[in-house]
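Chain by chain, the residues run as shown.
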Amino acid sequence: MTTPALLPLSGRRIPTLSPGASSFPHHRATLRLSEKFILLLILSAFITLCFGAFFFLPDNSKHKRFDLGLEDVLIPHIDSPKEGKHASGQVVIHGQGGHDEHRHREEEESLRDKIRADHERALQEAKEKLRKSREELQAEIQTEKNKVMEELKKKDALPKPLPPVPMPKVVGVSDGEPPEPDAKEKRDKIREMMKHAWDSYRQYGWGHNELKPLAKKGHSTNIFGNSQLGATIVDALDTLYIMGLHDEFKDGQEWIEQNLDFGVNAEVSVFEVNIRFIGGLLAAYYLSGQEVFKLKAVQLAEKLLPAFNTPTGIPWAMVNLKSGVGRNWGWASAGSSILAEFGTLHMEFVHLTYLTGNPAYYQKVMHIRKLLAKMDRPNGLYPNYLNPRTGRWGQHHTSVGGLGDSFYEYLLKAWLMSDKTDTEARKTYDDAIEAIERHLIRKSNGGLTFIGEWKNGHLERKMGHLACFAGGMFALGADGSPDDKAGHYLQLGAEIAHTCHESYDRTVLKLGPEAFKFDSGLEAVAVRQNEKYYILRPEVIETYWYMWRFTHDPKYRQWGWEAAQAIDKYCRVSGGFSGVKDVYSSNPTYDDVQQSFFLAETLKYLYLLFSSDDLMPFESWVFNTEAHPLPVLHLGNITLPGSEPAQQ
């Protein structure tokens with residue numbers, strides 16, 4: 001299998017290996033369409049000639065009979081009062097009469113003249129078409145197709161009215177200036193890094209999904225299909241808003257209003273589009289109150305719903321935004337769906353139901369939860385693969401890193417976002433974490449706590465950068481843990497943060513590798529070359545921020561600043577920020593990609609780390625797996641459409 005190295009596995013991510021589709025078949029179909037069009041024109045011209053010859057023959061017996069027939073027909077007329085409408089309101093039926101006969105003849109002549117003119121015009125148009133070259137005909141066909149597409153776009157652009165719902169209380173969305181001068185200076189530096197990343201994208205990659213900062217041009221990957229959806233713009237909006245970069249935010253909003261179109265023929269990742277686009281648009285709406293973001297989020301969400309049309313209701317990994325056809329990644333355990341993908345929809349879909357009144361979104365994600373609750377789990381663990389056709393697990397591979405990670409995160413955050421009323425989600429999270437701690441979490445010989453991966457009954461002593469988010473998750477879930485285990489889980493979060501910091505500290509660049517081992521005397525170090533890269537990932541810094549919020553231990557700000565300095569020193573180039581291919585090399589090569597999640601997550605978490613706690617307080621906001629903040633829904637006695645009162 002091709003290695004997933006250097007692919008944009010952001011946020012809580014999975015590999016995305018799918019060959020690009022060729023445009024050749026579409027071109028060939030266009031040629032066939034043109035040939036059929038020409039044949040149709042010729043046939044139409046022939047039929048028109050025949051009909052014209054028959055219809056416009058000189059007067060003969062048949063024609064006279066036709067005229068007589070018309071004159072002899074009794075034609076009903078509803079006359080005006082002066083023409084003899086009786087007081088009773090009856091309609092007078094006129095037969096033959098001199099005045100009427102003359103009038104009918106005039107009407108017939110006028111009708112014949114009109115038909116003759118129409119046919120002559122049609123014949124002339126057909127002759128002109130037949131004289132045109134193939135290229136001219138193709139150009140005309142394309143013009144007509146473009147007109148139709150424009151009309152459809154206008155129709156799609158008309159927003160469906162959404163029901164008025166109370167706006168959740170928005171708290172702590174700006175300022176957050178820290179009292180410490182040192183922290184303020186560092187926070188200003190992070191804002192400057194964000195401005196460099198945004199301005200570079202604005203100059204060299206505007207409208208493209210991402211940026212190639214060395215080549216200074218746009219970049220995209222197969223998770224976005226073949227379309228230019230401006231992923232960096234949507235992903236970065238809330239970071240710009242929180243940092244007070246309002247001119248840049250306005251630029252992004254204008255692009256979205258004028259250019260963001262989901263009616264494109266593009267096959268996209270349901271997971272990635274949900275967490276980056278729907279999450280990003282909803283966050284921008286809640287922060288700014290601008291309706292356009294809500295409307296765009298709903299338009300896109302409707303395009304994702306066909307992905308759930310499977311025998312089990314477990315969605316496909318990918319869906320075509322235009323046709324609604326879905327499929328799974330070819331490499332994923334015999335066409336299975338992936339736990340971290342179908343398990344990372346709940347937060348956004350609950351908000352969609354809240355904002356639209358459409359119960360479908362809530363029902364889709366609750367169906368997934370109920371289906372999983374009925375299934376057997378080996379050792380209490382959730383395998384990463386589930387077949388959407390059969391409803392059976394794929395290969396027994398369990399991970400808190402890629403392929404599994406954000407499923408567990410969203411169980412906890414569903415509970416938090418419901419104002420801690422979704423106790424079913426909390427219980428499912430607690431049970432899952434208990435099994436993970438029993439089977440996957442170990443301590444190395446050197447005393448480092450790590451999270452391994454369970455593969456077919458065997459624990460692989462390797463931890464991925466993606467799994468480093470779990471330190472923050474354990475800390476976030478500490479309060480509310482069963483059996484008074486809050487202190488235990490806060491400590492576990494601190495131990496994971498320490499291990500992940502060691503993975504950074506043991507490299508030349510002081511940036512962490514994609515994955516690191518704990519065996520053969522090596523600890524927190526990457527062994528394979530294709531695991532030594534750093535692609536501007538946020539997970540370690542994310543955990544530093546959560547640990548800082550819960551403990552205020554100054555080492556977390558210190559570790560975050562070390563990472564920020566390393567990024568600025570080794571990843572910054574004149575055209576933005578780039579990932580590096582080997583964190584153990586003093587002279588690394590660049591991968592030439594500025595990931596959208598660098599602006600959405602990495603820089604946002606750094607900025608929040610050096611801000612005061614009243615900026616985006618946990619009591620009011622829950623961050624999705626792409627760091628897009630969604631407000632806690634204090635629903636009280638209100639139930640979501642499609643939900644059972646007992647659940648919410």
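Residues numbered from 1 in each chain as written. Predicted model: local features only at pLDDT ≥ 70, side-chain atom pairs only at ≥ 80, totals over all residues. Heavy atoms only, no water.

Colleague: What is the right way to read the overall build of the protein from this model?
Modeller: A tally of regular secondary structure across the protein gives 19 helices and 21 strands. Within the protein, buried positions represent 54% of all 648 residues. The long-range fraction of contacts in the protein, counting pairs at least 24 apart against all pairs at least 6 apart in sequence, stands at 70%. Accessible area of the protein: about 28,800 Å², with a carbon and sulfur share of 54%. (Helix = DSSP H or I, 4+ residues; strand = E, 2+ residues; numbered from the N terminus. Buried < 20%, exposed > 50% of the residue type's maximum accessible area, 1.4 Å probe, protein only. Contact = heavy atoms within 4.5 Å. Areas by Shrake-Rupley, 256 points an atom, 1.4 Å probe, with all protein chains shown as cover.)

Colleague: Where do I start with the packing of aromatic side chains in this structure?
Modeller: Centre distance and the angle of the planes are the two values used to describe a pair of aromatic rings. The full count for this structure, using the stated rule, is 28 aromatic pairs. Residues Trp198 and Tyr201 carry aromatic rings whose centres are separated by 6.2 Å and whose planes lie at 50° to one another, so their mutual orientation is tilted. Of this pair, Trp198 and Tyr201 both sit in helix 5 (residues 181–204), three residues apart, roughly one helical turn. Taken as a pair, Trp198 and Tyr201 share a single burial class, namely buried. Both rings, one in Tyr285 and one in Tyr286, keep their centres 5.3 Å apart while their planes meet at 50°; by these two values the pair is tilted. (Phe/Tyr/Trp six-rings, centres within 6.5 Å; stacked < 30°, edge-to-face > 60°.)

Colleague: Would you explain the nonpolar core in this entry?
Modeller: By size, the foremost hydrophobic cluster in this structure holds 161 residues, and its most contacted members are Phe277, Leu372, Met463, Phe474 and Ile567. Element by element, the count of residues in this core is highest for helix 8 (residues 270–288), at 12 residues. Residues contacting Phe277, with those up to four places away along its chain left out, are Phe224, Leu229, Ala231, Val234, Leu260, Phe262, Glu272 and Leu300. With eight residues, the next largest nonpolar core counts Ala317, Met318, Trp331 and Leu403 among its residues. (Core = buried A, V, L, I, M, F, W, Y, C linked by side-chain atoms within 4.5 Å.)

Colleague: Any chance you could explain the packing of helix 6 (residues 231–242) against helix 7 (residues 246–259) here in plain terms?
Modeller: In a packed pair of helices, the relevant descriptors are the angle between the two axes and the axis-to-axis distance. Where helix 6 meets helix 7, the axes come as close as 9 Å, and the angle between the chain directions of the two elements is 150°. As judged from the angle between their axes, helix 6 and helix 7 are roughly antiparallel. The element helix 6 and its partner helix 7 pack so that their crossing is left-handed. Contacts between helix 6 and helix 7 involve Ile233, Val234, Leu237, Leu240 and Tyr241 on the former and, on the latter, His246, Glu248, Phe249, Gly252, Gln253, Trp255 and Ile256. (Axes fitted to C-alpha atoms, helices over the stretch in contact; angles between N-to-C directions. Parallel < 35°, antiparallel > 145°, perpendicular 65-115°, else oblique. Left-handed = near helix turned anticlockwise from the far one by under 90°.)

Colleague: Help me understand the sheet that holds strand 13 (residues 453–455) in this model?
Modeller: Whether parallel or antiparallel, the strands of a sheet pair through hydrogen bonds between backbone atoms. Read across the open sheet, the three strands follow the order 10-13-14; overall the sheet is antiparallel. The strands lining the two open edges of the sheet, one partner per strand, are strand 10 (397–398) and strand 14 (458–460). For strand 13 and strand 14, the ladder comprises three bridges, and the chain directions are antiparallel. Counted as the bridge partner of Glu453 is Glu460 from strand 14. (Pairing = 2+ DSSP bridges.)

Colleague: Quick question: what am I supposed to make of the pattern of salt bridges here?
Modeller: One side chain can pair with another of opposite charge once the charged atoms of both are near each other. In total, this model carries 35 salt bridges according to the counting rule given. Measuring nitrogen to oxygen at the nearest pair gives 3.0 Å for the salt bridge that ties Arg191 to Asp188. Here the residue Arg191 and the residue Asp188 both occupy positions in helix 5, the gap between them amounting to three residues, near one helical turn. Exposure remark for Asp188: the relative accessible area of 29% places this residue in the partly exposed category. With a closest N to O distance of 2.6 Å, Arg572 and Glu192 form a salt bridge. With Arg572 in strand 18 (residues 572–573) and Glu192 in helix 5, this residue pair connects regions lying 380 residues apart in the sequence. The exposure class of Arg572 is partly exposed, given its relative accessible area of 23%. The network of salt bridges with common partners includes Lys455, Glu460, Lys462, Arg528 and Glu531. (Salt bridge = Lys/Arg side-chain N within 4 Å of Asp/Glu carboxyl O.)

Colleague: Explain the UniProt feature "active site" (unreviewed entry) in the protein to me, please; I cannot follow it from the model alone.
Modeller: Sequence positions flagged by UniProt for "active site" (unreviewed entry) are, in local numbering, Glu272, Asp405, Glu514 and Glu539. With respect to the secondary-structure elements, Asp405 resides in helix 13 (residues 405–417). Inspection of the secondary structure puts Glu539 in helix 17 (residues 539–551). (UniProt positions renumbered as here; feature names shortened; annotations may be inferred.)

Colleague: Help me out: how do you make sense of the sheet that holds strand 7 (residues 326–327) in this one?
Modeller: With antiparallel pairing, the three strands of this open sheet are ordered in space as 5-6-7. Among the strands making up the open sheet, the edge pair consists of strand 5 (267–269) and strand 7. Strand direction decides the pairing type here: strand 6 (residues 318–320) and strand 7, joined by two bridges, are antiparallel. By the bridge assignment for strand 7, Met318 is matched with Arg327. Contacting strand 5 and strand 6, helix 8 crosses the sheet at an angle of about 70° to strand 5.

Colleague: Just to check I follow, could you spell out the environment of Ser481 for this structure?
Modeller: Considering the arrangement of structural elements, one finds Ser481 in the loop between helix 15 (470–476) and helix 16 (486–505). C-alpha separation for the pair Ser481 and Asp430, spaced 51 residues apart in sequence, amounts to 7.2 Å. From its side chain, Ser481 meets the backbone oxygen of Gly477 in a polar contact 3.0 Å long. Within the local environment of Ser481, its side chain forms a polar contact with the backbone oxygen of Ala478, the two atoms lying 2.8 Å apart. (Polar contact = N/O pair within 3.5 Å; in protein donor to acceptor, adjacent residues only side chain to side chain.)

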